[in-house]
Amino acid sequence: MGAIPLELQVAPTGRTDNDGTSGRPFASVGQARDAIRRLRECDGLPAGGIVVRVQAGLYELTNSFTLDARDSGAADRPIVYRAAPGATPRLVGGRVVKDFVPVEDPAVLARLPE
């Protein structure tokens with residue numbers, strides 16, 4: 001039987017100063033990624049690898065979320081990002097525009113192409 005992976009938690013209620021445990025989840029997948037990078041640099045990947053469990057909710061991304069070679073695991077020490085059991089997380093890279101109305105000001109309309 002293989003080693004049990006380290007679990008890190010991400011939740012919409014998380015905070016940037018949390019440590020990624022179930023009682024103190026990270027606020028974003030980017031924060032989890034950065035913590036894994038630091039762990040890898042200092043101690044290497046733990047036996048069994050790492051699982052990032054993303055809880056249900058809306059995550060508004062203010063920056064691009066990218067993974068590169070630093071984020072690769074190994075066959076015996078994988079790094080896996082997945083939704084928590086029964087959860088449907090939504091990572092959204094755009095902003096919701098509220099109270100949008102058509103432009104009616106003639107001066108503004110004159111500056112817009114047909």
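Notes on the pairing of strand 2 (residues 50-54)
Where a strand is regular, its side chains alternate between the two sheet faces. Along strand 2, 5 of the 5 residues are buried, which leaves the element largely enclosed by surrounding structure. Bridging between strand 1 (residues 6-10) and strand 2 involves 5 bridges; their strand directions are parallel. Bridge pairing in strand 2 places Gln9 opposite Arg53. Remark: the strand 1/helix 1 (residues 29-42)/strand 2 crossover connection has right-handed handedness. The pairing of strand 2 with strand 4 (residues 79-83) spans 5 bridges and is classified as parallel. Looking at strand 4, one finds that Val51 is bridged to Val80.

Points about a nonpolar patch on the surface
Together, Val103, Leu109 and Leu112 line one region of the surface with nonpolar side chains, adding up to about 250 Å² of accessible area. As for its placement among the helices and strands, Leu112 is situated in the segment after helix 2 (106-111). Judged by relative accessible area, which is 45%, Leu112 ranks as partly exposed.

Observations concerning the packing of aromatic side chains
How two aromatic rings sit relative to each other is set out by the distance from centre to centre and by the angle between their planes. Scanning the model with the defined rule gives 1 aromatic pair in all. Each ring, one from Phe65 and one from Tyr81, has its centre 6.0 Å from the other, and the planes form 70°; the classification is edge-to-face. Of the two residues, Phe65 is situated in the loop between strand 3 (57-60) and strand 4 and Tyr81 in strand 4; the sequence distance between them amounts to 16 residues. Looking at Tyr81, the relative accessible area reads 27%, which means it is partly exposed.

Concerning the sheet that holds strand 1
For sheets, the rule is that strands pair by backbone hydrogen bonds, running either parallel or antiparallel. A sheet is described by the order of its strands in space; here 3 strands give the open sequence 1-2-4, paired in parallel fashion. Each having just a single partner strand, strand 1 and strand 4 make up the two edges of the open sheet. Strand-to-strand twist in this sheet, taken as the mean axis angle between neighbours without regard to direction, amounts to 20°. Contacts from helix 1 reach strand 1, strand 2 and strand 4 within the one sheet, and its direction differs from that of strand 4 by about 160°.

Rules behind the numbers
- Residues numbered from 1 in each chain as written.
- Predicted model: local features only at pLDDT ≥ 70, side-chain atom pairs only at ≥ 80, totals over all residues.
- Heavy atoms only, no water.
- Buried < 20%, exposed > 50% of the residue type's maximum accessible area, 1.4 Å probe, protein only.
- Helix = DSSP H or I, 4+ residues; strand = E, 2+ residues; numbered from the N terminus.
- Pairing = 2+ DSSP bridges.
- Right-handed = clockwise from strand over helix to strand, strands pointing away.
- Patch = residues over 30% accessible without salt bridge, like charges linked within 9 Å, V, L, I, M, F, W, Y side chains within 5 Å.
- Areas by Shrake-Rupley, 256 points an atom, 1.4 Å probe, with all protein chains shown as cover.
- Salt bridge = Lys/Arg side-chain N within 4 Å of Asp/Glu carboxyl O.
- Phe/Tyr/Trp six-rings, centres within 6.5 Å; stacked < 30°, edge-to-face > 60°.
- Axes fitted to C-alpha atoms, helices over the stretch in contact; angles between N-to-C directions.
- Contact = heavy atoms within 4.5 Å.

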